[in-house]
Amino acid sequence: MEETPPGQLRPQPQPAHASPPFPAPGSFTPPPRVFSPALAARGTPSPGSGHGAPAHLSTPPGPPVFSSPLRPAAVPFRATPSSPHPVPFAAAGGGYSSSSSATTASLPTSSAPHFLNGAATPRGDLAPAPSLLQGDGLDNPYVQFSANKVLKQKKLLNTPSLGFGALVSPGKEVPPGPEVVERDPRRCLNCGAYVNLYCDISIGSGQWQCIICKKLNGSEGEFVVSSKQDLLQWPELASTTVDYVQVGNRRPGFVPVSDSRVSGPIFILIDECLDEAHLQHLQGSLHAFVDSLPPTAKIGIITYGRTVSVYDFSEGSAVSADVLPGNKSPTHESLKTLIYGTGVYMSPIHASLPVAHTIFSSLRPYQLSVPEVSRDRCLGAAVEVALGIVQGPSVELSRGIIKRSGGNCRILACVGGPCTFGPGSVPHSVKHPNYAYLEKTAMKWMESLGHEAQRHSTVVDIFCAGQCPVRVPVLQPLAKCSGGVLLLHDDFGEAFGVNLQRASTRAAGSHGLFEIRCSDNMLVTQVIGPGEEASPDSHETFKHDSSFCIQMHSVEETQSFSVSMETKGDIKSDFVFFQFAVHYSNVYQAEITRVITMRLQTVDGLSAYLASVQEDVASVIIGKRTVLRARTASDAIDMRQSIDERVKDIALKFGTQAPKSKLYRFPKELASLPECLFHLKRGPLLGSIIGHEDERSVLRNLFLNASFDLSLRMLAPRCIMHREGGTFEELPAYDLVMQPNAAVVLDHGTDIFIWLGAELAAQEGQSAAALAACRTLAEELSEQCFPAPRILSFKQGSSQARYFVSRLIPAHKDPTYEQESRFPQLRTLTPDQRARLKSSFIHFDDHSFCEWMRSLKLVPPEPS
């Protein structure tokens, strides 16, 4: 039986009229995102700029060319669509996968039972829904199921070790976008579901039958037509995804989201306690950041140390600031003085860019001889002041400068150390006798501040850099509860600056509510993502509404929810229907309701079900369930052991026993699943290859809310070898790729590593060209990513090469036939190259993938 982790509430049966329970706030973390605006001139070099190429190279390498065909098990290049240059959605293919804790019993069901779909047959006068024109919507970019078919047998479908579920990205933006309907949606009066293309409709009376509860609803004559083909004139009856714009609530001059992007006001919070080297890097990043903003973007600047300094843009080119004490929360009177005074604290870039540059240039390093960790920083008070100004009245001033503009606001905090002064602070030293209690108090205060920011449509992103510990457990609740993200950087340089730029242009909706409805006794058992249980009075409920409702911290295109489901009984009908709806206010303050409706075919045969399993999606869902339980270092050890049990259980339930042996064979349809689980077990999310628990905690929180693309890369790295002629070949992430004459790029989501073999590194010209090509590829891989990954390059045998080696499966100990079977590229090497490769490995005790499978009494699956 899977145990519920601390803070994770299990859904319990409720009366039919109640809103189903939802995992507690502890199950949710700030939303990591895969995002990429175009970089500014002072930001990171654009792909193809040849960054990293030596000066003697006359031209940068051309765009990477991939050898064909790629390894079938590899996930194709896929960039998450994002503005201003979205890319079309690519359907998920077969790929890597992952898993979670081992279990032997099903999870409890959630809310009141859904109405059986198979029990009701359509009335004679109901026309079949015109859904055949659209298929089942399995290519929908917003929802990806772990399997494209649903097994009718409850016992097998509910097997906890594999499970069934979906990844939902309700805020994702894709071209050309969903159909837009500028009127209120038509909903079932019984359960609240929305009319959709799968509903059976009586063309004579206009009545429609709900796909969730099977009740008939009237349309006030709207759907009365002469032919069922005429129903396609209604977008909601012709498309799987529809955006309803609430006309009565929208502002004059409404612009559809797909037409352009705007950014809300941005407050930059700057740590005053930085040493000179760190400050210089930060100044460079800030200069580039404001240069990258559009002219209409509004900014405010605050610095904090023992006091909070709010910079005034009304003084022209002079630097002027109003100072508030940092040892306590700002009083109502002090905020009122700021808001109604003569100072201007938020200003559009076109009117204040020179002033902003002057402010950044005027910053000075910390002067006292106090250790970094002991310096007083009043981050909590600084955020409170920023929120107070954001909530102030909108006042038009001369020169186009304004105090506040409508729309969502972002607070970008540039942090170099812990909050040790004022509200939300902790003692300088963790050895303080009362540190544990004071830390808990600070965490609760930061959580409350995050919720306050979220109520006022303000997202707080926290960007930490340097070597000083920032006390992640204290800062994380502030970012999480506001809908923001906390990131750790090595320094305030390039990656830090890129993340500032990309964070500021993330289009965020606010006041989001996410509803999930399923037919045929399908129940939602767990949701992991950037939200928390919605209170019953926060949304409209219907008489027999069994929806699963989540209050979202923010609505952004790069976040996703992992939804685990079970069936309450054997399924009788031919299709199961799923409806996902998200309500939110967009950046234009228009009220949007996005409705996504999909159906999956049900099957009796186990082989048909297994063949429909999307291994990469299933791996991410199972991986998130596992990582959710890894709250501490000891929990992570338990989760690594649980992966062993999960793999064995999947083989036992869905595999076959080898002839004349006690070993079990993993099902061939899931051949890539155990390898991905092996990566999860060894990698940074659960393994020990990252040195500090704070770093692991930040990575786990990112992963739990990350989009599918980033989640998959964080789970299982992607390995790409540079070939002669400037092409690239994708290979399994095995240590056999470390060939002395090769260059290799390893994409692990938040980190991209470039490795040069010793023989190649010794050849100056060739190594420079290979390094430049790999750097170009790395920049292209990361161009669409938020957070922007670190890009590190190193040579074979260097101390930093351990970052690369530790993420590869140690396959060099396997027999030759197994090596060639799983890594066919070895066959292209000469005997001399094979010998040099073999002699380059250092022996250590880690299992190879095949050794690990055999230790579990399983036969390693054949490579896909």
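As a reminder, the structure under discussion sits directly above these lines.
Quick look at the structure, then. (Residues numbered from 1 in each chain as written. Predicted model: local features only at pLDDT ≥ 70, side-chain atom pairs only at ≥ 80, totals over all residues. Heavy atoms only, no water.)

1. What about the overall build of the protein?
Thinking step 1. A tally of regular secondary structure across the protein gives 20 helices and 33 strands.
Thinking step 2. When the 864 residues of the protein are sorted by exposure, 60% land in the buried category.
Thinking step 3. Across the protein, the fraction of contacts at a sequence separation of at least 24, relative to all contacts at a separation of at least 6, is 79%.
Thinking step 4. About 31,800 Å² of surface is accessible on the protein, with carbon and sulfur atoms providing 53% of the total. (Helix = DSSP H or I, 4+ residues; strand = E, 2+ residues; numbered from the N terminus. Buried < 20%, exposed > 50% of the residue type's maximum accessible area, 1.4 Å probe, protein only. Contact = heavy atoms within 4.5 Å. Areas by Shrake-Rupley, 256 points an atom, 1.4 Å probe, with all protein chains shown as cover.)

2. Quick word on the environment of Lys857
Thinking step 1. Assignment of secondary structure puts Lys857 in the loop between helix H20 (849–855) and strand E33 (858–859).
Thinking step 2. For Lys857, a relative accessible area of 54% translates into the label exposed.
Thinking step 3. Expressed as a C-alpha distance, the spacing of Lys857 and Lys662, which sit 195 residues apart in the sequence, is 7.5 Å.
Thinking step 4. Excluding residues that lie within four positions of it along the chain, Lys857 makes contacts with Lys662, Leu663 and Tyr664.

3. Some points on the nonpolar core
Thinking step 1. By size, the foremost hydrophobic cluster in this structure holds 185 residues, and its most contacted members are Phe164 and Leu269.
Thinking step 2. Take this core: its biggest share by element is nine residues, from helix H5 (residues 379–390).
Thinking step 3. One finds Val181, Cys188, Phe223 and Leu231 within the second-largest nonpolar core, a separate group that totals 25 residues. (Core = buried A, V, L, I, M, F, W, Y, C linked by side-chain atoms within 4.5 Å.)

4. Some points on the sheet that holds strand E27 (residues 664–665)
Thinking step 1. Taken in spatial order, the three strands of this open sheet run E26-E27-E33, and their pairing is mixed. With one partner strand each, in any of the chains shown, strand E26 (656–657) and E33 form the two edges of the open sheet.
Thinking step 2. In terms of strand pairing, E27 meets E33 through two bridges, oriented parallel. Looking at E33, one finds that Tyr664 is bridged to Leu858. (Pairing = 2+ DSSP bridges.)

5. As for the pairing of strand E10 (residues 266–271)
Thinking step 1. For E10, the buried fraction is high: six of the six residues fall into the buried class.
Thinking step 2. Residue alternation in E10 divides its side chains into two sets, Ile266, Ile268 and Ile270 and Phe267, Leu269 and Asp271, and both sets are buried.
Thinking step 3. Looking at chain direction, E10 and strand E11 (residues 298–304) are connected through six bridges and run parallel. Across the sheet, Phe267 pairs through a bridge with Gly300, a residue of E11.
Thinking step 4. Read from E10 through helix H2 (residues 276–292) to E11, the crossover connection turns out right-handed.
Thinking step 5. The pairing of E10 with strand E15 (residues 409–415) spans five bridges and is parallel. Pairing of Phe267 across the sheet is with Ile411, part of E15. (Right-handed = clockwise from strand over helix to strand, strands pointing away.)

6. Section: H2
Thinking step 1. For H2, with 17 residues, the first-to-last C-alpha span of 24 Å sits near the 24 Å given by 1.5 Å per residue.
Thinking step 2. Of all the positions in H2, only His278, Leu279, Leu282, Gln283, Ser285, Leu286, His287, Ala288, Phe289 and Val290 are classed as buried. (Expected span 1.5 Å × (residues − 1).)

7. Considering the side chain of Asn158
Thinking step 1. By the secondary structure assignment, Asn158 is in the loop between helix H1 (154–157) and strand E4 (164–168).
Thinking step 2. Using a relative accessible area of 5% as the deciding quantity, one classes Asn158 as buried.
Thinking step 3. Among the polar contacts listed, one links the side chain of Asn158 to the backbone oxygen of Thr567, at a separation of 2.9 Å. (Polar contact = N/O pair within 3.5 Å; in protein donor to acceptor, adjacent residues only side chain to side chain.)

8. Thoughts on the packing of aromatic side chains
One pair of aromatic rings is described through two measures. These are the centre distance and the angle between the planes.
Thinking step 1. Per the stated rule, a full pass over the model turns up 17 aromatic pairs.
Thinking step 2. Centroid distance Tyr198 to Phe577: 5.7 Å. Interplanar angle 50°. Geometry classified as tilted. In this pair, Tyr198 sits in the loop between strand E5 (179–181) and strand E6 (200–201) while Phe577 sits in strand E24 (residues 575–585), placing the two residues 379 residues apart along the sequence.
Thinking step 3. Taking relative accessible area as the criterion, Tyr198 reaches 4% and is therefore assigned buried.
Thinking step 4. Seen from their ring centres, Phe514 and Phe561 are 5.0 Å apart, and the 35° between their planes marks the pair as tilted. Within this pair, whereas Phe514 is found in strand E18 (residues 508–518), its partner Phe561 is found in strand E23 (residues 561–567), the two being separated by 47 residues in sequence.
Thinking step 5. Of the residues examined, Phe514 reaches a relative accessible area of 0% and is grouped as buried.
Thinking step 6. Three or more aromatic residues joined by ring pairs make a cluster, and in this case those are Phe145, Phe164, Phe514, Phe561, Phe578 and Phe580.
Thinking step 7. Across the ring face of Phe703, the terminal group of Lys624 is positioned such that the distance to the ring centre comes to 5.8 Å.
Thinking step 8. In this structure, Arg682 is placed above the aromatic ring of Phe678, and the distance from its NZ or CZ to the ring centre is 5.8 Å. (Phe/Tyr/Trp six-rings, centres within 6.5 Å; stacked < 30°, edge-to-face > 60°. Lys NZ or Arg CZ within 6 Å of the ring centre and 35° of its normal.)

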